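Observations on the three-dimensional arrangement
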Amino acid sequence: MKESKINLKGLTLTELENFFEEINEEKFRAKQMFNWLYHHKVDSFRKITTFTKTLKDRLNKIATIESLKLLDEQTSDNSKTIKYLFECSDGAKIESVLIPEANRLTLCISTQVGCPLDCKFCATGQMGYKRNLSTGEIIDQYLQISRVISEPITNIVYMGMGEPFLNYSNVINSMNIFSSELAFGISGKRVTVSTVGIPDKIKTFAQEPFRGKLAFSLHSVDEQIRSKIMPINKKFPFKQNIDALEYFYKSTKRKITFEYTLLKGINDQESDIKGIVKLSKRIPCKVNIIPFNSIAHTNPSGIAATLKPTSKEEFDFFVERLRSNNVTVFVRNTQGDDIEGACGQLAIKL
Ligand code: SAH
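Residues numbered from 1 in each chain as written. Predicted model: local features only at pLDDT ≥ 70, side-chain atom pairs only at ≥ 80, totals over all residues. Heavy atoms only, no water.

1. A word on the overall build of the protein
- Regarding its fold elements, the protein presents 12 helices and 14 strands.
- The C-alpha radius of gyration of the protein comes to 21 Å, within 12% of the 20 Å expected for a compact globule of 350 residues.
- Considered along the principal axes of its C-alpha atoms, the protein spans approximately 70 × 40 × 40 Å.
- Within the span of the protein, comprising 350 residues, buried residues form 53% of the whole.
- Partitioning the intrachain contacts of the protein with sequence separation of at least 6 by distance along the chain shows that 66% fall at a separation of at least 24.
- When the accessible area of the protein is evaluated, it comes to approximately 16,400 Å², of which 49% is carbon and sulfur surface.
- Once the 49 positive and 40 negative side-chain charges of the protein are each reduced to a mean point, those two points are 3 Å apart. (Helix = DSSP H or I, 4+ residues; strand = E, 2+ residues; numbered from the N terminus. Rg over C-alpha atoms; globule rule 2.2 N^0.38 Å. Buried < 20%, exposed > 50% of the residue type's maximum accessible area, 1.4 Å probe, protein only. Contact = heavy atoms within 4.5 Å. Areas by Shrake-Rupley, 256 points an atom, 1.4 Å probe, with all protein chains shown as cover. Lys, Arg positive; Asp, Glu negative; His and termini not counted. Charge placed at Lys NZ, Arg CZ, Asp CG, Glu CD.)

2. Structural notes on the packing of aromatic side chains
- Here the structure, examined in full by the defined rule, presents 14 aromatic pairs.
- Pairing F19 with F20 gives two aromatic rings, centres 5.1 Å apart and planes at 80 degrees, and the pair type is edge-to-face. Each member of the pair F19 and F20 is classed as buried.
- Put simply, the rings of F34, Y38, Y142, F178 and F184 pair up and form one aromatic cluster. (Phe/Tyr/Trp six-rings, centres within 6.5 Å; stacked < 30°, edge-to-face > 60°.)

3. Observations regarding the state of the cysteines
- As enumerated under the stated definition, the model contains 0 disulfides in all.
- Residue C108 stays outside any disulfide, its sulfur separated by 7.2 Å from that of C343, the closest cysteine.
- Sulfur of C122: no disulfide; nearest cysteine sulfur belongs to C119 and is 6.3 Å away.
- C122 sits in the buried class, given a relative accessible area of 18%. (Disulfide = S-S within 2.5 Å.)

4. Observations regarding the sheet that holds strand β11 (residues 213–217)
- Reading across from one edge, β3-β4-β5-β6-β9-β10-β11-β12-β13-β14 is the order of the 10 strands in this open sheet, with mixed pairing throughout. Edge positions in the sheet fall to β3 (69–75) and β14 (329–331), since each of these pairs with one other strand and no more. Pairs of neighbouring strands in the sheet enclose a mean axial angle of 20 degrees, with direction left out of account.
- As paired elements, β3 and strand β4 (residues 82–87) share 6 bridges and run antiparallel to each other. Bridge pairing links E73 to Y84 in β4.
- Here helix α6 (residues 168–179) sits on the sheet and contacts β9 (155–158) and β10 (191–195); the angle it forms with β9, its principal contact strand, is near 180 degrees.
- Running at roughly 160 degrees to β14, helix α12 (residues 312–324) makes contact with β12 (256–262), β13 (285–291) and β14 of the sheet. (Pairing = 2+ DSSP bridges. Axes fitted to C-alpha atoms, helices over the stretch in contact; angles between N-to-C directions.)

5. Thoughts on the pairing of β12
- Among the 7 residues in β12, 7 count as buried, and that is most of the element.
- Bridge analysis of β11 against β12 gives 3 bridges, and the strand direction is parallel. Bridge pairing in β12 links A215 to T257.
- Sheet topology places β12 next to β13; 7 bridges connect them, and they run parallel. Directly across from E259, in β13, lies its bridge partner N288.
- Since β12 and β13 lie parallel, the crossover through helix α11 (residues 270–282) that links them has a hand, and here it is right-handed. (Right-handed = clockwise from strand over helix to strand, strands pointing away.)

6. Section: the site of the ligand
- If you check the shell around the ligand, you find 21 residues, and the closest are F121, S194, S217, H219 and E259.
- For the ligand, whose accessible area on its own is 540 Å², the fraction buried by protein is 95%.
- Counting only elements with at least two residues in the shell around the ligand, the list comes to β10, β12 and β13.
- Counted by class, the shell around the ligand contains 10 nonpolar, 9 polar and 2 charged residues. (Near = heavy atom within 4 Å. Nonpolar A, V, L, I, M, F, W, Y, C, P; charged D, E, K, R; others polar.)

7. Points about the packing of α6 against helix α7 (residues 199–207)
- At their nearest, the axes of α6 and α7 sit 12 Å apart, and the two run at 25 degrees to each other. As far as their axial angle goes, α7 and α6 are roughly parallel. Regarding α6 and α7, the two cross each other, and that crossing is right-handed. Where α6 abuts α7, its residues Y168, I172 and M175 lie against K201, T204 and F205.
- Residue classes in the contact of α6 with α7 are distributed as 4 nonpolar, 1 polar and 1 charged. (Parallel < 35°, antiparallel > 145°, perpendicular 65-115°, else oblique. Left-handed = near helix turned anticlockwise from the far one by under 90°.)

8. Regarding the domain arrangement of the protein
- In terms of domain boundaries, the protein breaks down into domain 1 (6–64) and domain 2 (69–339).
- Look at where the C-alpha atoms of domain 1 and domain 2 centre, and you get two points 34 Å apart.
- At the interface, 15 residues of domain 1 touch 14 residues of domain 2.
- Roughly 1,100 Å² of surface becomes buried between domain 1 and domain 2 when both sides are summed, with 64% attributable to carbon and sulfur atoms.
- When the buried area of domain 1 at its contact with domain 2 is split by residue, K9, Y38 and K41 rank highest and sum to 45% of it.
- The interface formed by domain 1 and domain 2 includes 2 salt bridges.
- Our count for the domain 1 to domain 2 interface comes out at 4 residue pairs in polar contact (both at pLDDT 80 or more).
- Among the elements that make up the side of domain 1 that touches domain 2, the one with the highest residue count is helix α2 (residues 28–39) (6 residues). (Domains from an automatic or database assignment. Buried area = accessible area lost by both parts, 1.4 Å probe. Salt bridge = Lys/Arg side-chain N within 4 Å of Asp/Glu carboxyl O. Polar contact = N/O pair within 3.5 Å; in protein donor to acceptor, adjacent residues only side chain to side chain.)

9. A closer look at the pairing of β11
- Of all 5 residues making up β11, 4 are buried, and the element is well covered by its neighbours.
- Here β10 runs beside β11; their pairing, made up of 4 bridges, is parallel. Residue pairing in the sheet places T192 in a bridge with K213 of β11.
- Crossover handedness for the path β10 to α7 to β11: right-handed.

Given below as structure tokens:
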């Protein structure tokens, strides 16, 4: 029987050291391999000039360097946002979005094929769920996109398809690779992970040596409403998450970003403003208010089909009321909705 080859892309330095040790090669090869994979972005052993031919032949027999296949890219007319479609080696498809801003270039990456959480306002939730992405597949979104653009990517947000904290170890491994000086050298200040709120993972993330930023998809401060639009709230109620977020702030002194998509008549009322003000007094934070981007392209049913954006006037009023109560508010403008690449619009037929 043919044994399956091990994919070296996605292995951390320690994992590569174990690999080279197991095959009785010198330990320093691991560091070289790590550097070739992530710094030089090689996709075949042939290109590794510091390895002997014997070693390369040997590696070819037992290992691979797998890459995502770039199938398509679409550029938005109104914002220069680019959406990339990739195929994984098992045929699964995922998307990543590149967002140019004044003085940064942010890459929004996916962590799962689809998403199991079924948030009613999110297109990815409507497409269902297939599997977690491997560390290699998470990293490779960055590698493949870096190859086809001329500017360096400055920031990474884990805000594409999927729930990063349901794929915790692969996400952390990818962060450790992103931050390693031998690989990409991207500091935690430039990396944000967004979660629907899984309390024990928020606490574990607070203890990681990698000092990334945390965004929390809030969308309602009312347990019942939150459960209605984010069913995961029934399993991990908001209250447990507040405790975890407080713990996160106390241990790391990093402010939380709350993400809040305004949905007409659902979470845009006076009581919601009061709830956010109260929350912001308890947890040092900033609040990103996001206009609801259409998910009509997924043919939603049930509650999802009834959701509407808050009107421009009420949106501005909501933001102003928060600001006048000393909440730090940012309005996240819709970018790339013409290519269905804006927040919450990523979806592919599984
Ligand atoms: N599962 C994680 C990572 C995805 S982040 C999370 O939910 O946090 C995607 C961000 O876009 C989240 O803040 C999400 O709440 C927001 N979003 C989802 N659907 C949206 C929509 N239709 N319009 C605007 N923002 C949306």
